[in-house]
Amino acid sequence: ENGGAGDVDEQLGVLQNAVSYLGTRAPSETMEDVRRQAEGMHVKLVLDGGEFKDVRGERLLALAARECVTNCVKHAGGDEVHVRIVWRGDWLEAVYTNNGKAPEHQIKEGGGLLALRRKIEDYGGQMRVADAPTFVLTVELPV
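Bear in mind the structure is a predicted one, so any value in this text is a computation, not a measurement.

Rules used throughout
- Every residue gets a number counted from 1 within its own chain, in the order that chain's sequence is written.
- The predicted nature of this model means local features are confined to residues of pLDDT at least 70 and side-chain atom pairs, given and counted, to a pLDDT of 80 or more, with totals for whole chains, interfaces and linings taken over all residues.
- The basis for every side-chain value is the complete set of heavy atoms in the structure, and neither hydrogens nor water enter the calculation.
- Under this scheme, a helix contributes an axis fitted over its contacting stretch, all axes are lines through C-alpha atoms, and angles between N-to-C directions fall in the 0 to 180 degree range.
- Here a helix means four or more residues in a row that DSSP labels H or I, a strand means two or more in a row labelled E, and each is numbered from the N terminus.
- For this classification, under 35 degrees means roughly parallel, over 145 means roughly antiparallel, 65 to 115 means roughly perpendicular, and everything else is oblique.
- Each crossing is labelled by how the near helix is turned from the far one, with a counterclockwise turn of less than a right angle marking it left-handed and a clockwise turn marking it right-handed.
- Contacts: residue pairs with any heavy atoms within 4.5 Å of one another.
- When residues are sorted by character, Ala, Val, Leu, Ile, Met, Phe, Trp, Tyr, Cys and Pro go into the nonpolar class, Asp, Glu, Lys and Arg into the charged class, and all the rest, Gly among them, into the polar class.
- The cut-offs for exposure are 20% and 50% of the maximum accessible area for each residue type, with area from a 1.4 Å probe on protein chains only; residues under the lower value are buried, those over the upper are exposed, and the others partly exposed.
- By the convention used here, strands pair only if DSSP detects at least 2 bridges between them.

Chemist: Give a detailed account of the packing of helix α2 (residues 31-40) against helix α3 (residues 55-76), specifying residues and quantitative values.
Modeler: Direction vectors running N to C along α2 and α3 enclose 15°, while the axes themselves pass 8 Å from each other. Taken together, α2 and α3 sit at an angle that is classed as roughly parallel. The chirality of how α2 crosses α3 is right-handed. Contacts between α2 and α3 involve Met-31, Val-34, Gln-37 and Ala-38 on the former and, on the latter, Glu-58, Leu-61, Ala-62, Ala-65, Arg-66 and Val-69. When the residues that make up the contact of α2 with α3 are grouped by side-chain class, the tally is seven nonpolar, one polar and two charged.

Chemist: Can you explain the environment of Leu-141? Please cite residues and give values.
Modeler: With respect to the helices and strands, the residue Leu-141 is situated in strand β5 (residues 136-142). Judged by its relative accessible area of 0%, Leu-141 falls in the buried class. Measuring from C-alpha to C-alpha, the distance between Leu-141 and Glu-93 comes to 6.6 Å, with 48 residues separating the pair along the chain. Contacts of Leu-141, omitting those with residues within four sequence positions, involve Phe-52, Gly-57, Leu-60, Leu-61, Asp-90, Trp-91, Leu-92, Ile-120, Tyr-123 and Gly-125.

Chemist: Tell me about the sheet that holds strand β4 (residues 126-130), residues and numbers included.
Modeler: Taken in spatial order, the five strands of this open sheet run β1-β2-β3-β5-β4, and their pairing is mixed. Pairing within the sheet leaves two strands with one partner each, and these edge strands are β1 (44-48) and β4. Ignoring which end each strand starts from, the neighbouring axes of this sheet average 15° apart. Sheet topology places strand β2 (residues 80-88) next to strand β3 (residues 91-98); eight bridges connect them, and they run antiparallel.

Next comes the structure, spelled out in C-alpha cells:
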C-alpha cells in the first residue's frame, strides 16, 4: 500500500520469475512439441545432432529450445533457432543460437532463463549464456 514504484517493480520481478518457473513445468514436453509451437510462431527450429534418451534430460533440452524460440521472437526479431547437440564423453552439450539481431545490451537472466538455469543445475548440468558477438545458450547435461 505504502510502497514506492521500486517496491512494485521488485515484487513484479519476483512474480514474473515464479510464473515463468511454474510455466516451464510441462510434464511431457519434447523437442517435437517445441517444433510445433515454434511453427505456430513462424519460427523454424533446426536440430543438428543426436537425441537425449533420458526423459527428464530431453525435457530440459526442449525447455531450453522453447525459451530460445520465445526470446528469438521477443528480443531478436529472428525466425530460426538452431540447436547443435554434441556428445562429449559423459556429457551432452547443446548449443542454441538464432538468426536474429545480436543483443544490444548484456543479457540479464530473469524469468525464463533463470528458471531454466535452476532446472538444469538441479539435474546436475550447467548453463552458459553469451551475448556477444551474438546470443548463444549452451546447456551441458550429464549422460
